[in-house]
Amino acid sequence: MASYNLNEILKKRAALKDKNEEKEMDLGDTARVKVLSPMRQVMKRFLRNRLAIFGTVTLAIMFAFAFLGPIFYPYGQAETQYKYEPMVSSYAYVQKRTEYTGYTLNPEVKYNRSAVAKTNSNINSMEKNGQEAMAFQAADGNLYLLAKGSESIYTLSQSAPRKVAAFGSGPVKVGTYDGVRKSVSYEGEDLGSEFAQAAAANCKGKSGSFEFDGKTYTFQTGAVKKSFDLFTEPEEGFRYFGENLGAAFEAEAQNAKAGEILEQNGKQYVVISPEKDNYEVHSLENAEVFMVYTQYAFDTCVNSLPLSDSFKQGALMAAVGEGSFEAEAIINTEAFQKQQAEKALAAQQNTHVDVNPVGEEDAPVETEPVTTEAPEGTGEGEGEGELIPEGAVFVNARFTVAPSPEREDVLLISTEDGTPYAELNTMVVRRYNGDDTMDLDLKHAIRDHVMNMLETNAQSEKLEYRIPKQNEKGKNLYDESGALQYEESQMTVKRRTESEFVVDATQTRYLINKYDAPSSKYVMGTDGDGFDVLARIMYGGRISLMVGFVVVFLECFLGIIMGGLAGFFGGWVDNLVMRLVDIFYCLPFMPIMIIVGAMMDASRMPVTTRLFVLMAAMGIMGWAAIARLVRGQILSLREQEFMTAAEATGLPTTRRIFRHLVPNVMPQLIVSATMGLGSTILSESTLSFLGLGVKHPLATWGSMINSVASAAAMEQYAYIWIPVGLLICFTVIAFNFVGDGLRDAFDPKAKR
Amino acid sequence: MLKYSIKRLLYSAIILIFVMFIIYTLMYVMPGNYVQQKAMELATKPGATKSADEWLEDLNRQYGMDQGIIKGYFTWLRSAVHLDFGDSWKWNKACTQVFSERIWYSFALNVVTMFFEIIIAIPLGIHAARNQYGFSDYFATVFSMACISMPSFFLITILKLVFAVKLKWFDLTGMVDPRIHDSLSKFGQFLDIAKHYVLPVITITIISIGGLMRYTRTNMLEVLSSDYIRTARAKGVPERKVIYSHAFRNTLIPLITILGGSLVSLFSGAIITEQLFGLTGIGQASYQSMVVGDIPFTMFYLMFISILTLLGNLLADLLYAAADPRVRLA
């Protein structure tokens, strides 16, 4: 407290004057009494109040923090912060292929759906029985031959039925008797109308037999009502329909089971059993391979290289047959790679135009939409829907297929000059989302580990390998020369089932920086939306103070007008206004504000409109106190002599009000406005805390506390909500201290 | 006195009618389809007793929402005069039933709080006044100001952090400990509820203590500076006697006035404290009703609060006259 002793100063001054002028000051000298203007007196008294000074300083700091802070602080209130962070995610998926995938070789062959539907189970049973080939007759009557080409490759051929022989002991169906039309439709030889009459005479009941032409025929009810299937005794022995193939063939056929393949003179025959105990032998001479089934999946040596259908088919057939094939393929892989890289770079440069990168949380979608075949080898995907990148040039070239010299169970496809081009493998490694965008060497590394795990029966194994670096959009990063950039990744191969494995990999991802702990970059950390907390505190202070000032201004504006009218005019105006004041005094503030907030919620108001409505509502709710104060003040002032004098001089009403009355009301008004600022900020923060005030993404102190004040978060994020709460406290206290100090200064004798 | 009281009561009734009109208008301008949507929601809620149309019909019958605003208001007024406030949407039973189920929890909370408020604030205020501009005065001033300026939700969060999360002395929310409450004896159940009242009582006491303390201090200072105190001291009356029989007795007049006035508000409930501590008092019920737009209960509660306010003012004035014979009521 600055001590200001008037006497001492005057003594000093007098001494100084004595020295200078040697002149004595008499009692009535005007220089002897120092008179302060009323404003300076108020100022002096205010400055003497320590609490008021504390309040003023606090407010000054708060204003600087809230209004100047954001200018210098680098982050905005709703600016999402991002970070690069290694994240463990499911990167790849490994499966030991057990299913066979079919590739159509000849699309013109019309086949029955049932013929291919059971291929996988057929192959399984063949493998179990050690069969090399099996044949069956499908519902369309055609014969199908499923034959093992080589390890993991099967071919499916179709042949029209060509009966070469028949045998068996079961009854032979002659035909069907139709009881309505009274006629017989014959399977084979026509037996004439007499037979039909005999059938008509005898076919009664469910089953039975009759004699005709010395032969016994049996009948039983057929599939259609009033129809009967007619059978006769089988002919003895083995019957050829064409060329006689000899007794040896006959014996072999009779010993064969249905579906078994016989060979005679280099031709294939199949034994089928159309009915119980009856067998037919068909020639498969004209069988045509129209589909090839394989467990293999294609891995190209160049990452993401698209393969044509002809290449796949050729490769598979070559693996079965002569070992070399000709197909359309992208041969100039270097050029392809370069093109891809350039495209990716261009795409990235385009994306840099975007203002806000979007952080991705789940598995990023790869840039390259190329899939060389159906993902994860489920069933009969035929490599359709293949997207061929623009600019990739397919040319005809010769390839050779041979078992890989280095790796087991792998077929290597090389170009004519011996460069490896692609691999066939039954251990399929793909990205977890099904894309085939991994480098071959990574696939090899993972595969080796999986093989090892299969041998040792281990549940998981670790490895370290490089994977492509990704940017914030989940796209691969390239350096200036267009080469892919890599990062080291810790991978864990985990067994999921007997034949399935998942590879978890650490990968640096661009993420929204949520709930970051305080650091040098984010002084108070970040919140659940990735917004910088300190920035939000600053902007929150701005909004809180702004709301306070606007609301108090509105209250004062309404209050002065209403109170002024009531006080100055008196009479019925006074009565009316004061009854209105009584009514508004009676309205419960908090419940009404809660209702208003809930209504704004219900009408889904935009946040800024909401802010204005909130301020207006608070102002309207609060004017009554000011009006009452102003009226009281004016009533007492009106009766004083200076107002009578003003009236006597004939001053106009407006001048009397605004020049003479209002300035005299000012002190009380300033005091209650200052106190009102504190309480307004308090109510606003309470409403925002309840979620009914200012809404996200606008920051306010109340809502910031609310966002971390749940039972689970309050302990962990105490460093956020405690400082914010203290800020509210200090601001309100400061306003109250300043208000108190001003009141004391304006009128030291006033009752508090 | 009686004449004055009757006059004031009539006047209060008129004020109440206008207050309720403003509140009714607020309800009336609720976004149009909102009411319908609420009714639909209500009808599809499990255990719904009425269909959406029935709810709307009830609402229109009692609240006249389908009529013009003036006519509708008088419809409501007629129902209200007959003490028919309808069924709460949120609680699915009569408003008056919700009220009678919950009011005593709020009342208990406020009574206990008021007790602590008085026994802490008044002595502190007197002490501060006796040592004007001394350390304890400064301390009391700062403390009371801090209490006034404390956002209740912040205080509640701090109390929860310290006593519920860190020390685990109390539950975070709730009226009772659901694990053991049913197995306790009657007295044990009472103690269980009392335990859950500790933090709310602390909260409201801290928040409301500041005002009363400042009021006591100011009035005490005024009395202490009056002539008869100087006379008493000059006569050589012991300081104790000066303070407690001369000064304090006179300070009691304004104190009785405001405390008497706030007697009525013991019933009003503490909206935020009850909501945040999960006390099933009237304040929590009203908060939850207001947030979901439960028109019947909100109207009922606001009317109740308004009546309490008006009665409180009347009571304060009457008490003032009763306590201070110098005051004459016109």
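Computed from a predicted structure; not experimentally measured. (Residues numbered from 1 in each chain as written. Chains lettered and ligands numbered in written order. Predicted model: local features only at pLDDT ≥ 70, side-chain atom pairs only at ≥ 80, totals over all residues. Heavy atoms only, no water.)

1. Details of the nonpolar core
Phase 1: Counting residues in each nonpolar core, the largest one holds 155 residues, and the members touching the most others are Ile594 and Ile705 of chain A together with Trp76 and Met299 of chain B.
Phase 2: Setting aside residues up to four positions removed in sequence, Met299 of chain B forms contacts with Met20, Ile23, Tyr24, Met27, Tyr63 and Trp76 of chain B.
Phase 3: Judged by nonpolar contacts, the second largest core, of 26 residues, contains Val292, Leu305, Ala318 and Phe336 of chain A. (Core = buried A, V, L, I, M, F, W, Y, C linked by side-chain atoms within 4.5 Å. Buried < 20%, exposed > 50% of the residue type's maximum accessible area, 1.4 Å probe, protein only. Contact = heavy atoms within 4.5 Å.)

2. Quick look at helix H5 (residues 119-129) of chain A
Residues spaced three or four apart along an α-helix face the same direction, because each turn holds 3.6 residues.
Residues and elements named next belong to chain A.
Phase 1: Three or more residues of H5 are buried, namely Thr119, Asn120, Asn122, Ile123 and Met126. Angular distribution of buried residues about the axis of H5 spans 160°; they occupy a single face of the element. When the buried face of H5 is taken as reference, the exposed residues oriented beyond 90 degrees from it are Lys128 and Asn129.
Phase 2: In this structure, the buried residues of H5 make contact with helix H4 (113-117), strand E3 (133-137), strand E4 (143-150), strand E5 (153-159) and strand E16 (288-294).
Phase 3: Gly130 sits one or two residues past H5 and shows a positive phi near 70°. (Helix = DSSP H or I, 4+ residues; strand = E, 2+ residues; numbered from the N terminus. Arc of directions from axis to C-beta.)

3. Thoughts on the pairing of strand E1 (residues 82-96) of chain A
A regular strand carries its side chains on alternate faces of the sheet.
Residues and elements named next belong to chain A.
Phase 1: As defined by bridge partners, E1 adjoins strand E25 (residues 500-512) across 13 bridges and the pair is classed as antiparallel. Bridging across to E25, Lys83 finds its partner in Leu511.
Phase 2: Sheet analysis places E1 next to strand E22 (residues 427-431), joined by 5 bridges and oriented antiparallel. Counted as the bridge partner of Lys96 is Met427 from E22. (Pairing = 2+ DSSP bridges.)

4. Remarks on the confidence of the model for chain A
Phase 1: For chain A, the average pLDDT comes to 79, and 88% of its residues sit at 70 or higher.
Phase 2: Confidence over residues 351-387 of chain A falls short of pLDDT 50; this stretch has 88 contacts with residues more than four positions distant or in other chains. (pLDDT = per-residue confidence, 0-100.)

5. Details of the environment of Tyr240 of chain A
Phase 1: Residue placement: Tyr240 of chain A occurs in strand E12 (residues 239-240).
Phase 2: Along the primary structure Tyr240 of chain A and Val281 of chain A are separated by 41 residues, whereas in three dimensions their C-alpha atoms are 9.1 Å apart.

6. Overview of the side chain of Thr203 of chain B
Phase 1: Here Thr203 of chain B lies in helix H8 (residues 186-224).
Phase 2: Beyond its immediate sequence surroundings of up to four residues, Thr203 of chain B is in contact with Ser152, Leu155, Ile156, Leu159, Thr273 and Phe277 of chain B.

7. Remarks on the sheet that holds E5 of chain A
All names here are of chain A.
Phase 1: The 5 strands are arranged E2-E16-E5-E4-E3 in an open sheet whose pairing can be described as antiparallel. Two strands in the sheet have a free side with no partner beyond their single neighbour: strand E2 (101-104) and E3. Strand after strand, the sheet turns through a mean of 25° between neighbouring axes, direction not considered.
Phase 2: Where E3 meets E4, 5 bridges bridge the pair, whose relative direction is antiparallel. (Axes fitted to C-alpha atoms, helices over the stretch in contact; angles between N-to-C directions.)

8. Description of the sheet that holds strand E17 (residues 297-300) of chain A
Residues and elements named next belong to chain A.
Phase 1: Here 5 strands make up an open sheet; going across it, the order is E17-E21-E20-E19-E18 and the pairing antiparallel. The sheet is open, and its two borders are formed by E17 and strand E18 (324-329), each paired with just one other strand. The mean inter-strand angle of the sheet, taken between neighbouring strand axes irrespective of direction, is 30°.
Phase 2: Across 4 bridges, E17 lies against strand E21 (residues 420-425) in antiparallel orientation. Note that in E21 the partner of Thr300 across the bridge is Ala422.
Phase 3: With respect to the sheet, helix H8 (residues 309-320) is in contact with E17, E18, strand E19 (395-403), strand E20 (410-415) and E21, its orientation differing from that of E18 by roughly 170°.

9. Section: the interface of chain A and chain B
Phase 1: Contact with chain A, which involves 47 residues of that partner, is made by 48 residues of chain B.
Phase 2: Interface area, chain A with chain B, both sides summed: about 4100 Å², of which 82% is carbon and sulfur.
Phase 3: Inspection of the region where chain A meets chain B yields 2 salt bridges.
Phase 4: A salt bridge links Glu715 of chain A to Lys166 of chain B; the shortest N-O distance between them is 3.1 Å. (Buried area = accessible area lost by both parts, 1.4 Å probe. Salt bridge = Lys/Arg side-chain N within 4 Å of Asp/Glu carboxyl O.)

10. Digging into the packing of aromatic side chains
Phase 1: Within this structure, the stated rule accounts for 42 aromatic pairs over all chains.
Phase 2: Ring centres of Phe399 of chain A and Tyr421 of chain A lie 5.0 Å apart, and the angle between their planes is 45°; this geometry places the pair in the tilted category. Highlighted residues: Phe399 of chain A in strand E19 and Tyr421 of chain A in strand E21, separated in sequence by 22 residues.
Phase 3: For Phe399 of chain A, a relative accessible area of 1% corresponds to the buried category.
Phase 4: The interplanar angle of 25° and the centroid separation of 4.7 Å between the aromatic rings of Phe107 of chain B and Phe267 of chain B together place this pair among those described as stacked. In this pair, Phe107 of chain B is assigned in helix H5 (residues 95-130) and Phe267 of chain B in the loop between helix H10 (239-263) and helix H11 (271-277), connecting sequence segments 160 residues apart. (Phe/Tyr/Trp six-rings, centres within 6.5 Å; stacked < 30°, edge-to-face > 60°.)

11. Observations regarding the packing of helix H11 (residues 533-569) of chain A against helix H18 (residues 718-746) of chain A
Residues and elements named next belong to chain A.
Phase 1: Direction vectors running N to C along H11 and H18 enclose 25°, while the axes themselves pass 11 Å from each other. Judged by the angle between their axes, H11 and H18 are roughly parallel. As H11 runs across H18, the sense of the crossing is right-handed. Contacts between H11 and H18 involve Val533, Ile537 and Leu545 from the former and Ile720, Val724, Leu727, Thr731 and Phe735 from the latter.
Phase 2: Its residues assigned to classes, the contact of H11 with H18 shows 7 nonpolar, 1 polar and no charged. (Parallel < 35°, antiparallel > 145°, perpendicular 65-115°, else oblique. Left-handed = near helix turned anticlockwise from the far one by under 90°. Nonpolar A, V, L, I, M, F, W, Y, C, P; charged D, E, K, R; others polar.)

12. Observations concerning unusual backbone geometry
Residues and elements named next belong to chain A.
Phase 1: Backbone torsion omega between His696 and Pro697 reads 5°, so that peptide bond is classified as cis.
Phase 2: Relative to the assigned elements, Pro697 resides in the loop between helix H16 (653-689) and helix H17 (701-708).
Phase 3: Positive phi is not limited to glycine here, since Asn457 has a value of about 60°.
Phase 4: Looking at where Asn457 falls in the secondary structure, it is placed in the loop between helix H10 (440-456) and strand E23 (460-468).

13. A word on a positive patch on the surface
Phase 1: A surface patch of positive charge is lined by Arg13, Lys34, Arg40, Lys44 and Arg48 of chain A.
Phase 2: Inspection of the secondary structure puts Arg40 of chain A in helix H2 (residues 38-48). (Patch = residues over 30% accessible without salt bridge, like charges linked within 9 Å, V, L, I, M, F, W, Y side chains within 5 Å. Areas by Shrake-Rupley, 256 points an atom, 1.4 Å probe, with all protein chains shown as cover. Lys, Arg positive; Asp, Glu negative; His and termini not counted. Charge placed at Lys NZ, Arg CZ, Asp CG, Glu CD.)

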